[in-house]
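# A structural walkthrough
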Amino acid sequence: MEKNLTNDHVEPVPDSELKSCKPGKVWYLPLFSVTQQKKNKTRLVFDSSAVYSNTSLNKELLLGPDVNNQLRTVLRFRMKEIGFCADIESMFYAFRLYPKDKDFTRFFWWRNNDPSQEIIEFRVKVHVFGNTSSPALANIGLRYAANNNPVASDTVKEFVTHNFYVDDACGCADTEEQATEILTATKEVLSSNNIRLHKIISNSSAVINNFPTSETSISTSSKNFEDCSSQQTLGVEWNIANDDFVIRCNVPERPFTKRGVLSTNNSMYDPFGFVSPVTLSGRLLQCSLIPSKHDNPTIASLGWDYPIPSEHLPLWQKWKSSLSSMDGLVTIPRSYIPKNFSPVTNQTLHVFSDASNEGTGHVSYIRSINQKRETHIAFVAANSRVPPRSLIAIPRLELCAALDAAISAQHTASDIGIPPDKMHLYTDSKIVLGYLTNSTTIFSRYVTRRVSLIL
């Protein structure tokens, strides 16, 4: 709270305004503290969802447009040899409320921040974490600060618009000089609007050394993307020393119930699909442990918090043990190209799909060629799905896998800037290839729709 007062984020309500507000123009927020165990960091949260008289502040706020970049956008972070990250300090607090809206964020606190004094009314002057509208407004404000700055270059505007996930920036460059220039220019543009870009980290020590220690994260050896997920269990960690991603797996302890099984599976965080075969196994187990009434009426009749029969426990424990043993063993190079491979003259995206009775899946790779005609292949992303409970023929499952691959290829190519004529999609199903090349036969609506989407 002292930090909020010092930075002019909150203020005592003037005595002259305590009784002058019209009814319905004031709202009071409860507040509480939340401690992030991993960082041992405590922050105050204003509870905008607290209900009084069947309403709350969040119920009265509009969500706003979803302008935030998707997490897959950080695929751009892998395109070049030099990778770097940065963070905006207290992003929501960088944008102030209109004066007429401040009284909707009143709260009670001790006068002069001294618990020995009486409790008085304060109010927040900025957008706070927990407000429904804060994410959209902060993202719009951040882009406005860059795009409407007369000294901002096109590179800075592009970086701010496409390389931020909420308050985290992830970018890359061909050289250390380019990386330093992008970060320096972006810091200057944002600082002119009182937005601080800090916690700079890179796989290049030369980039880090171009900034004072107060602006870097040199005290840490890795940049975690787990903070983008509500569950910090199966995260992707960037080891800057080796410039690769390391799979960290901390399986939460949950009761062996339907709710516990579902919670364990949902807690896995794997945005790139590095361990899709392993997570697919967990979802297949989930289908057998949370079956339909037709598959296993005995288990299906159990409540969500009732113990699942013990004969199923060994298989579940074996799968969880395989997750734990995987911790730290799987590494994926961060960059799509190795050191001293640049400049790249041609890149193509190759996406493979396949299916079986156990599931469907696809995986994509990027193929790079440099001026010396050397070739390098790098893993991009993957995904897998559990097949529907109802029995579906293999050709239809192959068609579903091909559709998922086509959608993924389009999104991935858009994220990393590969034109459509540089994409290649593969399937080993001649029936699917026949569907796609046939122009005379009329298929069922199920097939026709998916073929149309793929094409």
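As shown above, the structure is provided for reference.
A few points on the structure.

Parameters at a glance
Residues numbered from 1 in each chain as written. Predicted model: local features only at pLDDT ≥ 70, side-chain atom pairs only at ≥ 80, totals over all residues. Heavy atoms only, no water. Phe/Tyr/Trp six-rings, centres within 6.5 Å; stacked < 30°, edge-to-face > 60°. Helix = DSSP H or I, 4+ residues; strand = E, 2+ residues; numbered from the N terminus. Buried < 20%, exposed > 50% of the residue type's maximum accessible area, 1.4 Å probe, protein only. Pairing = 2+ DSSP bridges. Salt bridge = Lys/Arg side-chain N within 4 Å of Asp/Glu carboxyl O.

If you walk through the whole model with that rule in mind, you get 18 aromatic pairs. Where Phe107 meets Phe122, the ring centres are 5.6 Å apart and the plane angle is 20°; that geometry is what we call stacked. On the criterion of sequence distance, the pair formed by Phe107 in strand S5 (residues 106-110) and Phe122 in strand S6 (residues 119-124) is long-range, its members being 15 residues apart. Overall, Phe107 belongs to the buried group, its relative accessible area being 0%.

Right, let's talk about the pairing of strand S15 (residues 359-370) for a bit. Counting buried positions along S15 gives nine out of twelve residues, so the element sits mostly inside the fold. As defined by bridge partners, strand S14 (residues 344-356) adjoins S15 across twelve bridges and the pair is classed as antiparallel. Its bridge partner lying in S15, Asp354 is registered against Gly361. Where S14 hands over to S15, the hairpin turn is made up of two residues, counted between the paired strands. Two strands pair when backbone bridges link them, and S15 and strand S16 (residues 375-385) are joined in this way by ten bridges, in the antiparallel orientation. Each residue of the ladder has a partner; that of Arg367, found in S16, is Ile377. Once S15 ends, the chain turns through four residues before running back antiparallel as S16, passing Arg373 with a positive phi of about 65°.

This paragraph deals with unusual backbone geometry. The omega torsion of the bond from Ser342 to Pro343 falls at 0°, within 30 degrees of zero and hence cis. Mapped onto the elements of the fold, Pro343 is located in the loop between strand S13 (331-333) and S14. The backbone of Ser90 shows a phi angle near 45°, a positive value even though the residue is not glycine. Checked against the element boundaries, Ser90 lands in the loop between strand S4 (82-88) and S5.

Turning next to the pattern of salt bridges. In this structure the tally under the stated criterion is 18 salt bridges. The closest approach of N and O atoms between Lys125 and Glu11, which form a salt bridge, is 3.6 Å. Here Lys125, found in the loop between S6 and helix H3 (134-147), pairs with Glu11, found in strand S1 (residues 10-12); they are 114 residues apart in sequence, far enough to count as distant. Glu11 matches Lys125 in its accessibility class, with the two residues each being buried. Of the charged contacts in the structure, one is a salt bridge between Arg385 and Asp404, with a shortest N-O distance of 2.9 Å. Placement of the pair is Arg385 in strand S16 and Asp404 in helix H11 (residues 394-416), with a sequence separation of 19 residues. Look at Arg385 and you get partly exposed, because its relative accessible area is 46%. For Asp404, a relative accessible area of 17% translates into the label buried.

By themselves, these are just geometric observations and shouldn't be taken as functional.
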